[in-house]
Amino acid sequence: MTNLQQAIKLPVFEKISSYCKENNIECYVVGGYVRDFLLKRKSKDIDVLVLGNGIEIAKNIARSLDEKIQVTVFNTFGTAYFKYKDFEIEFVGARKESYSSNSRNPIVESGTFKEDIDRRDFKINSMAISLHPKSFGDLIDLHNGLDDLENCVINTPLDAVITFSDDPLRMLRAIRFASQLNFSVSEKLIRIINELKSRIEIVTNERIVDELNKILLSDTPSIGFNLLEKTGLLDFILPEITNLKGIDEIEGQKHKDNFYHTLEVLDNICKSTENLWLRWAALLHDIGKAPTKKFDKKIGWTFHGHEFEGSKMVYKLFKRLKMPLNEKMKYVQKLVLMSSRPIVLAQNNVTDSAVRRLIFDASDAVDDLMTLCEADITTKNKSRFKRYHENFRLVREKIIKVEEKDNIRNFQPPITGAEIMKTFNLKPCKTIGSIKESIKEAILEGDIENNYEEAFKLMIKEGEKLGLSDGK
Ligand code: ATP
Ligand code: MG
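The next subject is the site of ligand 1. In the vicinity of ligand 1, 14 residues are found, and the nearest of them are Arg35, Asn125, Asp167, Arg170 and Arg176. Interatomic distance of 3.3 Å between a backbone N/O atom of glycine 32 and an oxygen atom of ligand 1. For ligand 1, a nitrogen atom lies 2.9 Å from a polar atom in the side chain of aspartate 167. Contact with the protein chains hides 76% of the accessible area of ligand 1, taken as 580 Å² for the molecule alone. Judged by its atoms lying within 2 Å of the grid points, ligand 1 is housed in the largest pocket. Of all the secondary structure elements, the ones that give two or more residues to the shell around ligand 1 are helix H2 (32-38) and helix H7 (169-181). Among the elements that line the shell around ligand 1, the one with the most residues is H7, at 4 residues. In the shell around ligand 1, the residues fall into 1 nonpolar, 3 polar and 10 charged. Each of domain 1 (4-151) and domain 2 (152-237) gives at least three residues to the shell around ligand 1.

Here strand E3 (residues 71-74) runs beside strand E4 (residues 79-84); their pairing, made up of 4 bridges, is antiparallel. Looking across to E4, one finds that threonine 72 is bridged to tyrosine 81. Where E3 folds back onto E4 in an antiparallel hairpin, the turn is made up of 4 residues, including glycine 78, whose phi is positive at roughly 65 degrees.

Turning our attention to the environment of leucine 51. Mapping leucine 51 onto the fold places it in the loop between strand E2 (45-50) and helix H3 (54-65). In sequence terms leucine 51 and cysteine 20 are 31 residues apart; their C-alpha atoms lie 9.9 Å from each other. Among all residues touching leucine 51, those that are not within four sequence positions of it are Ile25, Glu26, Ala94, Gly111, Thr112 and Phe113.

With the rule as written, the count across this model stands at 35 salt bridges. Between arginine 341 and aspartate 361 there is a salt bridge, with the nearest N and O atoms lying 3.0 Å from each other. In this pair, arginine 341 sits in helix H18 (residues 341-347) while aspartate 361 sits in helix H19 (residues 352-362), placing the two residues 20 residues apart along the sequence. A single network of salt bridges, built from pairs that share partners, joins Arg95, Glu97, Arg104, Asp116, Arg119, Arg120, Asp167 and Arg170.

Summed over the entire model, instances satisfying the criterion amount to 1 cavity of 30 Å³ or more. Estimated volume of the largest cavity: approximately 50 Å³. Looking at the largest cavity, the residues that line it are Asn243, Leu244, Lys245, Gly246, His255, Asn258, Lys289, Ala290, Lys293 and Phe303. Class assignment of the residues belonging to the lining of the largest cavity gives a composition of 3 nonpolar, 4 polar and 3 charged.

Moving on, we get to the domain arrangement of the chain. Domain annotation for the chain reports domain 1 (4-151), domain 2 (152-237) and domain 3 (417-465). Relative placement of domain 2 and domain 3: their C-alpha centres are 58 Å apart.

Moving on, we get to the side chain of aspartate 376. With respect to the helices and strands, the residue aspartate 376 is situated in the loop between helix H20 (366-375) and helix H21 (382-406). An unpaired buried charge is present at aspartate 376: no salt bridge exists, and lysine 256, the closest side chain of opposite charge, is 5.7 Å distant. Excluding residues that lie within four positions of it along the chain, aspartate 376 makes contacts with His261, Val265, His285 and Ile343.

One way to see where empty space is left: roll a probe the size of a water molecule over the atoms. In this structure, the largest pocket encloses a volume near 1600 Å³. As for the largest pocket, its lining consists of 44 residues, of which Asp47, Glu90, Arg120, Arg173 and Arg207 are closest to the centre. Elements that contribute at least two residues to the lining of the largest pocket include exactly H2, E2, E4, strand E5 (87-93), strand E6 (95-98), H7 and helix H9 (205-216). Ranked by residues supplied to the lining of the largest pocket, first place goes to H7 with 7 residues. Here the residues of the lining of the largest pocket sort into 13 nonpolar, 8 polar and 23 charged.

Before going further, it helps to spend a moment on the packing of helix H22 (residues 417-424) against helix H24 (residues 452-465). The interhelical angle for the contact between H22 and H24, taken along N-to-C directions, is 50 degrees, at an axis separation of 11 Å. Compared by their axis directions, H22 and H24 come out oblique. Between H22 and H24 lies a crossing of right-handed hand. Across the interface between the two elements, Glu419, Ile420, Thr423 and Phe424 of H22 pack against Tyr452, Phe456, Met459, Ile460 and Gly463 of H24. In terms of residue class, the contact of H22 with H24 is made up of 6 nonpolar, 2 polar and 1 charged.

On the basis of which strands lie adjacent, the open sheet formed by 7 strands has the order E3-E4-E5-E2-E1-E8-E9 and mixed pairing. Bordering the open sheet on either side are E3 and strand E9 (139-140), each of which pairs with just one other strand. Direction of pairing for strand E8 (residues 128-130) relative to E9: antiparallel, over a ladder of 2 bridges. Its bridge partner lying in E9, alanine 128 is registered against isoleucine 140.

What counts and how
- Per chain, residues are indexed from 1 in the order of the written sequence.
- Throughout, the order in which chains and ligands are written sets their labels, letters from A for the former and numbers from 1 for the latter.
- It should be noted that, the model being predicted, local features are given only for residues of pLDDT at least 70 and side-chain atom pairs only at 80 or more, the latter also being counted only at that level, while totals for whole chains, interfaces and linings use all residues.
- With hydrogens and water stripped out, all remaining heavy atoms of the structure feed into the side-chain values.
- Only a single heavy atom is needed: when it lies within 4 Å of a molecule or strand, its residue is near that molecule or strand.
- N or O atoms within 3.5 Å of each other form a polar contact, as long as, within protein, one can give a hydrogen and the other can take it, and as long as residues adjacent in sequence are counted only when both atoms are side-chain atoms.
- Accessible surface area values rest on a Shrake-Rupley calculation with a 1.4 Å probe, where residue burial reflects the displayed protein chains alone.
- The definitions used throughout rest on a 1 Å grid laid over the protein atoms alone, on which a cavity is an enclosed set of points accommodating a 1.4 Å probe that cannot get out and a pocket is an open set flanked by protein within 12 Å on both sides along at least five of seven lines; lining residues are those having an atom within 4 Å of a point.
- Occupancy of a cavity or pocket is assigned to a molecule whenever over half of its atoms lie within 2 Å of that pocket's grid points.
- Starting at the N terminus, helices and strands are each numbered in turn, a helix being any DSSP run of H or I of at least four residues and a strand any DSSP run of E of at least two.
- Each residue is assigned to one of three groups, with Ala, Val, Leu, Ile, Met, Phe, Trp, Tyr, Cys and Pro labelled nonpolar, Asp, Glu, Lys and Arg labelled charged, and all others, Gly among them, labelled polar.
- Annotation comment: domain bounds sourced from an automatic or database domain assignment.
- Between any two strands, at least two bridges found by DSSP are needed for them to pair.
- Contacts are residue-level and defined by heavy atoms, with any inter-residue pair within 4.5 Å sufficient.
- A pairing counts as a salt bridge when a side-chain nitrogen of Lys or Arg comes within 4 Å of a carboxyl oxygen of Asp or Glu.
- Grid points are joined across faces, edges and corners, and a volume is the space filled by probe spheres set on the points.
- Under the scheme applied here, a residue whose accessible area is under 20% of the maximum for its type counts as buried, over 50% as exposed, and between as partly exposed, the area being computed with a 1.4 Å probe on protein chains only.
- Positive charges come from Lys and Arg alone, negative charges from Asp and Glu alone, with His and the N- and C-terminal ends not counted.
- Working convention: axes come from line fits to C-alpha atoms, limited for helices to the stretch in contact. Angles between N-to-C directions cover 0 to 180 degrees.
- Our angle categories are set so that under 35 degrees counts as roughly parallel, over 145 as roughly antiparallel, 65 to 115 as roughly perpendicular, and the remainder as oblique.
- Handedness of a helix crossing follows the sense of rotation of the near helix relative to the far helix, less than a right angle counterclockwise being left-handed and clockwise being right-handed.

What follows is the structure in structure tokens.
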């Protein structure tokens with residue numbers, strides 16, 4: 001028997017252990033904490049399985065640790081958790097579950113240790129470490145989870161058809177764990193997920209998005225997205241991404257496969273950022289290419305306006321999946337809409353005015369936009385790869401220089417509409433907007449500096465052109 005005393009060396013485990021001894025209760029650490037310890041991954045969540053009332057035991061142990069600890073109770077699930085030091089410790093009484101076909105929420109009854117272990121989703125999540133003083137630290141591995149950990153593969157403890165149809169969220173969890181741990185999903189499981197994929201429809205959008213976010217936050221999200229595609233789940237969840245698949249050929253002309261390109265961009269960007277929403281932008285940056293694809297005899301394949309189309313699709317996708325429609329969505333939309341701008345810019349001589357316009361339009365997202373564009377360079381041609389990166393390096397340099405000089409980010413017009421009205425004695429009318437626009441344009445073009453004096457002079461000049469009197 002493997003002994004894992006090292007995994008449970010924390011004082012909190014000793015407290016739990018001695019409480020359970022005094023009260024003659026069996027208890028175990030189970031699931032993710034055990035798995036992650038064996039994989040040498042840090043884990044802050046501890047799940048404790050007790051043969052008894054999880055809620056009561058959680059309350060008593062919390063009290064014995066520190067009177068001030070707040071215990072959060074979920075009566076419907078029969079679980080309770082509290083935070084202690086860096087850890088979140090959840091207690092659950094051993095249970096068995098039975099499912100109906102239209103809900104992933106089971107009917108729960110108390111059960112034995114084995115029944116509780118058997119209801120767990122994957123072998124790698126079904127291992128337990130005893131906290132009982134007599135067997136403190138012993139690993140109990142009823143389903144050979146250790147073998148799967150060694151072989152880096154995900155399997156279910158019981159018949160996968162039942163596991164997945166009972167709770168279809170597990171199909172996504174399998175793929176998410178594969179992406180997070182760099183594991184494979186067994187061929188048998190892939191086949192079964194493919195058969196049962198439409199069951200995903202009973203899972204709420206919130207849970208689906210939770211799993212997608214975890215895939216996106218993994219080191220190599222393409223592992224997860226390739227599996228989502230291979231199992232057919234992606235069609236149900238993000239059809240916009242499956243629609244990017246495939247290469248068309250007309251008159252000997254081909255375009256690239258935008259699905260695999262997207263995954264490459266996504267993996268690339270994960271090397272430079274932990275920002276979930278920038279990762280979403282990388283995933284969605286080309287979704288407008290499917291509906292805008294056309295073949296032109298003279299030019300070949302075109303995707304005109306795909307950035308605009310894509311940014312509209314971002315809104316619909318976020319809405320469908322019940323994701324936030326706040327500034328996060330707008331940020332993703334902006335990055336998708338502007339995703340080709342730096343590329344066009346870098347193809348020509350990089351002028352100050354083009355850079356000023358880029359900063360003006362992208363504002364605080366300008367650095368992330370550059371990161372996205374750099375990740376978007378997936379050419380296998382080495383000299384082209386180098387040239388594009390060099391061009392973007394120049395754009396980045398220029399952004400810094402222009403910013404030092406011009407303060408364009410979060411641009412505030414140096415002359416307000418109120419001042420224009422006062423100067424020319426005007427009531428609200430279109431003329432005010434047009435003078436403001438001329439001032440903004442002159443600043444972006446570099447004809448005048450971004451300050452009050454120069455803007456004021458230009459305002460007077462523009463007013464004269466329009467035959468307005470400044471009352472002097
Ligand atoms: P992480 O917290 O890193 O996502 P985890 O394995 O701890 O991974 P949790 O969702 O916290 O996952 O669940 C804790 C444990 O509960 C799992 O390890 C697994 O044994 C069990 N479990 C969780 N969700 C399910 C489910 N839908 N079906 C079956 N067992 C589950
Ligand atoms: Mg957990």
